[in-house]
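Each chain is listed here by its residues.
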Amino acid sequence: MLDTPLYQSIFASSPIGAYILSPSEDPVILDVNEAFLGNVAHTREQLVGQRLFVALPAPPDDPDDPASNGVTALRNSLARVIATGQPQSMPTQRYPIRSRGPDGKEVFVERFWNATNTPIFDAAGKLLCIYHVTIEVTAQKKAEEALRLSRREALEAARQAEAGRARLDAVLQAAPVGIVLADAAGRVLESNAAHDALWCRHCLPATKPLDFAEWKGWWADGSARHGQPVASDEWPLALALRGETSAPHLIEIETFDAARRRRIVVCSAAPVRGPGGAIDAAVVVLLDMTERLRAEAALREADRRKDEFLAMLAHELRNPLAPIMAAAELLAQGDAAPEAVRQASGIIARQARHLTGLVDDLLDVSRVTRGLVMVDKGRVELGAVVAEAVEQVQPLVASRRHRLDVDVEGTPLVVSGDAKRLVQVVANLLNNAAKYTPPGGRIVLRAHAEQGEACILVSDNGIGMSRELIGRAFELFAQAERDPDRVQGGLGIGLAVVQRLVDLHGGRVEAYSAGPGQGSRFVLRLPLSRDGAGAAQPAPASRIPAPGRPLCVTVVDDNLDAAQMLSMMVRHFGHTVRVAHTAAAALEAARQAPSDAYLLDIGLPGMDGYELARRLRGEACAAGAVLVAVTGYGGEEARRTALEAGFDHHFVKPVKGGELRLLLRDLARARGCLLQERNVLASARQ
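Let us look at the structure shown here.

Here we look at the overall build of the protein chain
Scanning the protein chain from terminus to terminus reveals 21 helices and 24 strands. Taking all 686 residues of the protein chain together, the buried fraction comes to 44%. Of the contacts formed within the protein chain by residues at least 6 apart in sequence, a portion of 62% connects residues at least 24 apart. Accessible area for the protein chain stands at about 35100 Å²; split by element, carbon and sulfur atoms hold 53% of it.

Rendered as structure tokens:
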């Protein structure tokens, strides 16, 4: 079968590198075509009849190089073909080819290939051989050279050997690229499955051959990658039928199905000459590049948005840093008036809170997108959620002189959810409306029941959204165009967090806009709770600190400035403070004079805060002390690790003064009650 003229004509002259293997664990090369010989710079005598991995060795797979996977991948693919009897397509593989350098020494030249292994069976279903097709993609995956077929030779060979015809059909159908044989008039004589799938040719009348005029109708407004038009007489088929060679063209085509899809293909063609040298046919090869080009475009867009986000992040971080540094320099001079000191302190506090908010947003979106956020569901009344969210955004609304209208249905809207996260969702929607509504605008929030769902609508008369922006409003880093002064601020991640949190609550959120300049509307829907019994979980509420008995507190941080500021804060709350900058110093101080509470930085040099907490718990003098972790990691995993190490509380940097004051106040009260009980017991004994 391998010696038939048809097989030799079709297989041996194919521009797609291929070889035939025996179906064995250590396969033997039965035949190889000229294209593959050219690819690997070998002769037929060096390959045919040889074991595959002896004739074509490659350097052993390098475990430190993820791309070095050719030998193992090829062995595995061939084994799967033999085991399953199914074709196996391999992803791009690194398979260097042995060659000789200018000095005559043997070297391996790096090559990359796309390959397909296809089993070939006889009429009885016995596996005869494995057909291995390789497409080299080393030089940007150049289009395959045209198959050199002769219609006359193919038809003659088909009459001479029916078995050869079966082999030809198998080869054509196994080819991963579209292949078409056309006669001298441009009429389609033969095509393979890959070609028909590309064009949806089954949509055409099967009895009507396509002539050259109809072939030309296949192309949409053809254009190369950079938009240069391709005239009809320059199409690869037209050039081939004139006997001219052509470089592969990147051309847009239109399919025949009802959708009239546009596809981008690499197309090349070659003439087929008869015995007298006249052109009597042409072969066209088409490789669909649509998805690859779309993926490249998507990667370019993602890269562009990443660069924009990083530039925006740098800008957003510099904005609060500038007034903080200016205020700090003013305070450092030591001669500022009391009113200036008060104003500078207020500026530092406000801008530090803004910085904290930016960092919290980044950490929040990281946790949410990685599925690390757990919602603590309970019965939540949305009226309280709306009230808390409105309170949070009120400073921004007031600063931009917006009118905020809130209308919440009188009947309680109870849902199953996490009150804290739902407040975050509604606050993010309100923040978004405030940022993208010019000063003096109007924002409306309505909450009501609708067909078994709680519906919260947030609308504004701001800058609106284009249809394209609406489609990606909930994607990370998606933002509307903003003025050069960037007064809106933010990182473009709030709505992405909203959608993911709403998904965790079994709800949905949608964006609407009539267009740029016509405002935006966001609709949040959550399933109403079916069980009307039980009290609803309240929204988070602010607490007012109260004084307590002074404590002895030890602050441990290797950052001198951080330790100093935290100790000043604790001292301002009325407690005595000791400072240590290493774990060893903290342990020694605890043994000499134990403290009531220890504020431990986690990232200490040598011995980290977790280990220091374990050591303190092992010291009798500090076993009953309250340990507070102070760290830059705010995720659930970090909190769990701290508790497992022996910490009682977990604070995320920068520590909020109100929360620390409340903790120390409660601890002081508890210590005072314990001391009072001890005194009563002592008096009773006397």
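Next, the rest of the story.
A few points about the sheet that holds strand 22 (residues 597–601)
Strand order in the open sheet made by the five strands is 21-20-22-23-24, with parallel pairing throughout. Because the sheet does not close on itself, it has two edges, and the strands there are strand 21 (576–580) and strand 24 (649–652). Direction aside, the axes of adjacent strands within the sheet are offset by 20 degrees on average. Across four bridges, strand 20 (residues 552–556) lies against strand 22 in parallel orientation. Across the sheet, the residue bridging to Val 556 is Leu 600, located in strand 22.

Comments concerning the side chain of Asp 418
Here Asp 418 shows up in the loop between strand 15 (414–417) and helix 14 (419–435). Polar side-chain contacts of Asp 418 include one of 3.0 Å to the backbone nitrogen of Lys 420. In this structure Asp 418 touches Met 374, Val 375, Asp 376, Lys 377, Val 380 and His 505, once residues within four positions along its chain are discounted.

Focus on the pattern of salt bridges
For the structure on display, the rule yields 15 salt bridges. With its nearest N and O atoms 2.4 Å apart, the salt bridge here joins Glu 339 to Arg 342. Of this pair, Glu 339 and Arg 342 are both found in helix 12 (residues 338–369), three residues apart, which corresponds to roughly one turn of the helix. Given a relative accessible area of 52%, Arg 342 falls into the exposed group. Glu 611 is the salt-bridge partner of Arg 615, the closest N and O atoms lying 3.1 Å from each other. One end of the pair, Arg 615, and the other, Glu 611, are both in helix 19 (residues 609–618), four residues apart, so they sit about a helical turn from each other. Connected through salt bridges with shared partners, the residues Asp 31, Glu 34 and Arg 44 form a single ionic network.

With respect to the packing of helix 14 against helix 16 (residues 494–504)
Orientation of helix 14 relative to helix 16, taken along the N-to-C sense of each, is 145 degrees, at an axis distance of 9 Å. When you trace helix 14 past helix 16, the crossing you get is left-handed. On the side of helix 14, the interface is formed by Arg 421, Gln 424, Val 425, Asn 428, Leu 429 and Asn 432, while helix 16 contributes Gly 494, Leu 495, Val 497, Val 498, Leu 501 and Val 502. Split into classes, the residues belonging to the contact of helix 14 with helix 16 amount to seven nonpolar, four polar and one charged.

Observations concerning the pairing of strand 22
Within strand 22, five of the five residues are buried, which leaves it mostly tucked inside the rest of the structure. Along strand 22, one buried face is formed by Ala 597, Leu 599 and Asp 601 and the opposite face, lined by Tyr 598 and Leu 600, is buried too. Pairing between strand 22 and strand 23 (residues 626–631): five bridges, direction parallel. What sits directly across from Leu 599, in strand 23, is Val 628. Taking the sense of rotation as the criterion, the β-α-β connection linking strand 22, helix 19 and strand 23 turns out right-handed.

Side note on the environment of Leu 355
Mapped onto the fold, Leu 355 is located in helix 12. Beyond its immediate chain neighbours, meaning those up to four positions away, Leu 355 contacts Leu 317, Pro 320, Leu 321 and Ile 324.

Considerations on the pairing of strand 7 (residues 127–136)
Within strand 7, seven of the ten residues are buried, which leaves the element mostly enclosed by the surrounding structure. Bridge count between strand 1 (residues 17–21) and strand 7: five bridges; the pairing is antiparallel. Bridging across to strand 7, Leu 21 finds its partner in Ile 130. Both strand 6 (residues 112–121) and strand 7 contribute to a ladder of nine bridges, which runs antiparallel. Residue Asn 117 lies in a different strand from strand 7, and its bridge partner there is His 132. In this antiparallel pair of consecutive strands, strand 6 and strand 7, the connection spans five residues, and Gly 125 shows a positive phi of 90 degrees.

The rules we used
- Residues numbered from 1 in each chain as written.
- Predicted model: local features only at pLDDT ≥ 70, side-chain atom pairs only at ≥ 80, totals over all residues.
- Heavy atoms only, no water.
- Helix = DSSP H or I, 4+ residues; strand = E, 2+ residues; numbered from the N terminus.
- Buried < 20%, exposed > 50% of the residue type's maximum accessible area, 1.4 Å probe, protein only.
- Contact = heavy atoms within 4.5 Å.
- Areas by Shrake-Rupley, 256 points an atom, 1.4 Å probe, with all protein chains shown as cover.
- Pairing = 2+ DSSP bridges.
- Axes fitted to C-alpha atoms, helices over the stretch in contact; angles between N-to-C directions.
- Polar contact = N/O pair within 3.5 Å; in protein donor to acceptor, adjacent residues only side chain to side chain.
- Salt bridge = Lys/Arg side-chain N within 4 Å of Asp/Glu carboxyl O.
- Left-handed = near helix turned anticlockwise from the far one by under 90°.
- Nonpolar A, V, L, I, M, F, W, Y, C, P; charged D, E, K, R; others polar.
- Right-handed = clockwise from strand over helix to strand, strands pointing away.

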